[in-house]
2 protein chains.
Amino acid sequence: MRFTSETTSNGVSEQLFVIDDIPGVLWSPVGATGGRPLVLLGHGGGQHKKAPGLVARAHHYVSSRGFAVAALDAPGHGDRPRTEQDERFVAGIRERAAGKPVGSLIADYNASLAERAVPEWRAALDSLQELDHIGTGGPMGFWGVSMGSAIGVPLAAAEPRIAAAVFGLTGREALAEAAARVTIPVQFLLQWDDELVPRDSGLALFDAFASREKTLHANPGGHVGVPAFELESSQHFFARHLLQSDASDTAG
Amino acid sequence: MRFTSETTSNGVSEQLFVIDDIPGVLWSPVGATGGRPLVLLGHGGGQHKKAPGLVARAHHYVSSRGFAVAALDAPGHGDRPRTEQDERFVAGIRERAAGKPVGSLIADYNASLAERAVPEWRAALDSLQELDHIGTGGPMGFWGVSMGSAIGVPLAAAEPRIAAAVFGLTGREALAEAAARVTIPVQFLLQWDDELVPRDSGLALFDAFASREKTLHANPGGHVGVPAFELESSQHFFARHLLQSDASDTAG
């Protein structure tokens, strides 16, 4: 793991790093020392580790709760080279853009992305836990919707260090089997009028999680219309599960 | 409006009152002066204004946010006399208890309860707003699930003083039409394995609300198994909509 730059803004440190040629970013409180919970952010399709929504989310989690937050560029995204398969996928999306549904194409591609991305995330966790201001003791959370869930659901199924996750904006195709192996608390975001994910498919994926605690948060609107207040809701969810002393644990 | 008793516990004042022969209870911070948001609690079928869940919820809203909180005994419930119709309903439930579905019976009864209860609530709001520590300026919220929603949804459709509501654990039967006239922000609780409310009926009622902001919170488990953390979630929801300066408004 090699850090390439550090900037600070509003009390939040942002460190760019590279692990095994994979570019990532780590946000944490300026001057943080000692172990703390780590929340992983999985970006959406066509986005990257520093997409504006991810940066805002990371700052909110760091500022409100003192978490460390990390993101990686997914395979074929951000500063990473595209493989032939990545290029074929983009071409396929364009060819079918004239009204044809692309759901199964996206699901197939995302499944292949996940095969590449899950081991990358697990290796990154090893390196991140070696840092003094993260450490091995704290629990980890994962937040990622749409393609972030396509990678995150199999990651959570495989990786016992992840203790709580926010998923959503995706359906049962290619993910129901992995969801059935996820037993950690899950908050699942569904957009009631999602133009990319049929409502029944999203509901079926929520149904598929084996988690004893799982909450579906469904809101009106399309794929990119998740309301801003769900950021706050996810923060409370992570605080409840990653901070042992959080008041929310006992308020119910 | 006549107050009949006052007790205090942990900084929360509990005042029993009677308005037009209807018994109610008002919780507020001890020594509160000046206007504040008022949250109305609608209890479930067979329960009453001081059911343990309502008392705990009232204390939490008062202590965490300084709200005033009020509940009334619904018609035929708590300290109120049962009419012939109330008795027939109870008898009907018992007769059909041997395996027959009682959903439509409950829906019919609840619809008739709502016809009686909505004007009672509206009259109570007039009296409650005359109190110095509530006042006419603050917004009102409504929380009520199951029978609490059977009364609350028509109440919110009729009463413009209610600015935000938590509903749930009920289906479209007898309520879809009123829901289509509700435009305020709604948080809607659905139990994924509700033995009294078919999942599709609950989803259809959520769908029926005309509100621009509405969020479905679905959790595993049966009718009485709403997770404790939903209390905290409802508190954040009311704070966001009833307290103008709440930080959650701008955190997203």
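Residues numbered from 1 in each chain as written. Chains lettered and ligands numbered in written order. Predicted model: local features only at pLDDT ≥ 70, side-chain atom pairs only at ≥ 80, totals over all residues.

### A closer look at the relation of the copies chain A and chain B
Note on the chain copies: they are related by a rotation about an axis and a translation along it. Note the threshold: A residue counts toward the fit only if its pLDDT is at least 70 in both copies, and the copies are then superposed by least squares on the C-alpha atoms of those residues. Residue pairs qualify as contacts under a 7 Å threshold applied to their C-beta atoms, which are placed from the backbone.
For the pair chain A and chain B, the relating rotation is 180°, the translation along its axis is 0.0 Å, and the fit reaches an RMSD of 0.0 Å. The two molecules are tied by a two-fold rotation axis, judged by turn and shift. For chain A, the smallest separation between a C-alpha atom and the rotation axis is recorded for A:His217, amounting to 2.5 Å. Same-surface contact between copies: 100% of interface residues of chain A are shared with the interface of chain B.

### Quick notes on the interface of chain A and chain B
Applicable threshold: A run of H or I in DSSP counts as a helix once it spans at least four residues, and a run of E counts as a strand once it spans at least two, with each numbered from the N terminus. Residue polarity is assigned by list, with Asp, Glu, Lys and Arg as charged and Ala, Val, Leu, Ile, Met, Phe, Trp, Tyr, Cys and Pro as nonpolar; anything else, Gly included, falls into the polar class.
Each side of the interface is counted separately: chain A has 19 residues, and chain B has 19 residues. Of all elements in the fold, only strand E9 (214–219), helix H7 (229–242) and helix H8 (248–251) of chain A reach the threshold of two or more residues within the side of chain A that touches chain B. With six residues, the single largest contributor to the side of chain A that touches chain B is E9(A). Its residues placed into classes, the side of chain A that touches chain B shows eight nonpolar, seven polar and four charged.

### Some points on the pairing of strand E6 (residues 140–144) of chain B
Residues and elements named next belong to chain B. Heads up, the condition is: Partly exposed residues are those whose C-beta has more than 12 but fewer than 20 other C-beta atoms within 10 Å; 20 or more makes a residue buried and 12 or fewer makes it exposed, with C-beta atoms placed from the backbone. By the convention used here, strands pair only if DSSP detects at least 2 bridges between them. A clockwise course of the path from the first strand over the helix to the second, judged with the strands pointing away from the viewer, identifies a crossover as right-handed.
Most of E6 sits inside the fold, with five of its five residues counted as buried. Residues Met 140, Phe 142 and Gly 144 point to one face of E6 and Gly 141 and Trp 143 to the other, with burial holding for every one of them. Pairing analysis gives five bridges linking strand E4 (residues 38–42) to E6, with the strands arranged parallel. Residue Leu 40 lies in a different strand from E6, and its bridge partner there is Phe 142. Pairing analysis gives four bridges linking E6 to strand E7 (residues 162–168), with the strands arranged parallel. Among the inter-strand pairings, Gly 141 is bridged to a residue of E7, identified as Ala 164. A crossover links E6 with its parallel partner E7, the connecting element being helix H4 (residues 147–158), and its sense is right-handed.

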